[in-house]
Amino acid sequence: MKSIVIANWKMNPQILREASGLFRAVAKGVRGIKNIDVVIAPPFVYLPLLEVGRGKSVVALAAQDSFWEDRGAYTGEISPTMLKALGVTYVIIGHSERRMHLGETDEMVNKKIKAVLKAGLTPVLCVGERTRERVNEIPVFVGEQVKKALVGLKKGEFKNGVIAYEPVWAIGTGTPDTPEGATRAALYIRKIVRDMLGGNVADSLRVIYGGSVNAGNAASFISRDIRGMEGMLVGGASLKAEEFIEIVRRVSAQ
Ligand code: 13P
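Here is a short report on the structure shown in this document. (Residues numbered from 1 in each chain as written. Predicted model: local features only at pLDDT ≥ 70, side-chain atom pairs only at ≥ 80, totals over all residues. Heavy atoms only, no water.)

To continue, consider the site of the ligand. As a structural note, the neighbourhood of the ligand is formed by N8, K10, H95, E166, A170, I171, G172, G211, S212, L233, G235 and G236. A distance of 2.8 Å separates an oxygen atom of the ligand from a polar backbone atom of G236. Its free accessible area being 310 Å², the ligand has 95% of it covered by the protein chains. Split into classes, the residues belonging to the shell around the ligand amount to three nonpolar, seven polar and two charged. (Near = heavy atom within 4 Å. Polar contact = N/O pair within 3.5 Å; in protein donor to acceptor, adjacent residues only side chain to side chain. Areas by Shrake-Rupley, 256 points an atom, 1.4 Å probe, with all protein chains shown as cover. Nonpolar A, V, L, I, M, F, W, Y, C, P; charged D, E, K, R; others polar.)

Okay, structure coming up:
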């Protein structure tokens, strides 16, 4: 399975000039790197403005969120069709920062997943436990999040989808999960998806890791011999072009 590395810029950078500079530097830097999907998720306001040059690059665009309705009286919201029209291909759904600071619930995440799929976009569902579980413990909480996010989907839906395992305790802390812990979570997530949506979806799904990823640790999470982690969701390190390009390079070489 082809790996995928996604840059989640979160609410950065502050000005368009910096955003386009970073986008251009990354697009240029990853041009020669083969067999990997590279995705950048900037804040909404930059999405239409980063289009320039995208045709030539291998970088795809993601949104950091989407509303579940297509149009109407929902002040401040952005719909999946609007994103699709801008050339966005992936949408991050249910990031822990939205769950934490904006009260996003599993039910809302579920509605957003369905809306994004209906619009023909690829969801990047984020799950992760808040506090570190005991070593060797199966992340039951994560399994519940996956089930609630995907409930009501038909067999075969979510094909080619992405699930990001991002333990909340590992985000922005400099303390990533261990590759073993992350792999265990990936296997468990894939099993749940298999039970819910069938083997086709489980086999085409990519499970990726996020939480204090940097150029030094990225490759250690990728397992080639089993269907473990097949990519990364990168926060802080994605704001430094050189470091992000190095992450892409190392993941693709793994
Ligand atoms: P950091 O890479 O800064 O830990 O953030 C991870 C994350 O939340 C990506 O979505």
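Next, the rest of the story.
On to the packing of helix α1 (residues 16-29) against helix α8 (residues 241-253). Relative to each other, α1 and α8 sit at 30°, their axes nearing to 9 Å. When the axes of α1 and α8 are compared, the pair comes out roughly parallel. Here the hand of the crossing between α1 and α8 comes out right-handed. The segment α1 lies against α8, with L22, A25, V26 and G29 engaging A241, F244, I245 and R249. Of the residues that constitute the contact of α1 with α8, the class distribution is six nonpolar, one polar and one charged. (Axes fitted to C-alpha atoms, helices over the stretch in contact; angles between N-to-C directions. Helix = DSSP H or I, 4+ residues; strand = E, 2+ residues; numbered from the N terminus. Parallel < 35°, antiparallel > 145°, perpendicular 65-115°, else oblique. Left-handed = near helix turned anticlockwise from the far one by under 90°. Contact = heavy atoms within 4.5 Å.)

Before going further, it helps to spend a moment on the pairing of strand β5 (residues 122-127). Buried residues dominate β5, accounting for five of its six residues. Pairing of strand β4 (residues 90-93) with β5 involves four bridges; the strand directions are parallel. The residue of β5 that forms the bridge with V91 is P123. Where β5 and strand β6 (residues 162-165) come together, four bridges link them in parallel fashion. Bridge pairing links V127 to Y165 in β6. (Buried < 20%, exposed > 50% of the residue type's maximum accessible area, 1.4 Å probe, protein only. Pairing = 2+ DSSP bridges.)

The biggest cluster of nonpolar side chains holds 69 residues, and the ones touching the most others in it are L150, F158, I163, V193, M232 and I247. With eight residues, helix α6 (residues 179-197) is the single largest residue contributor to this core. Residues A41, A60, A62 and C126 belong to the second largest nonpolar core, which totals 14 residues. (Core = buried A, V, L, I, M, F, W, Y, C linked by side-chain atoms within 4.5 Å.)

Here the focus is the packing of helix α5 (residues 140-150) against α6. Their axes nearest at 10 Å, the elements α5 and α6 cross at an angle of 35°. The element α5 and its partner α6 pack so that their crossing is right-handed. Residue-level inspection shows V140, V142, G143, V146, K147 and L150 of α5 in contact with α6, the latter providing Y188, I189, I192, V193, M196 and L197. For the contact of α5 with α6, the per-class residue count stands at ten nonpolar, one polar and one charged.

By themselves, these are just geometric observations and shouldn't be taken as functional.
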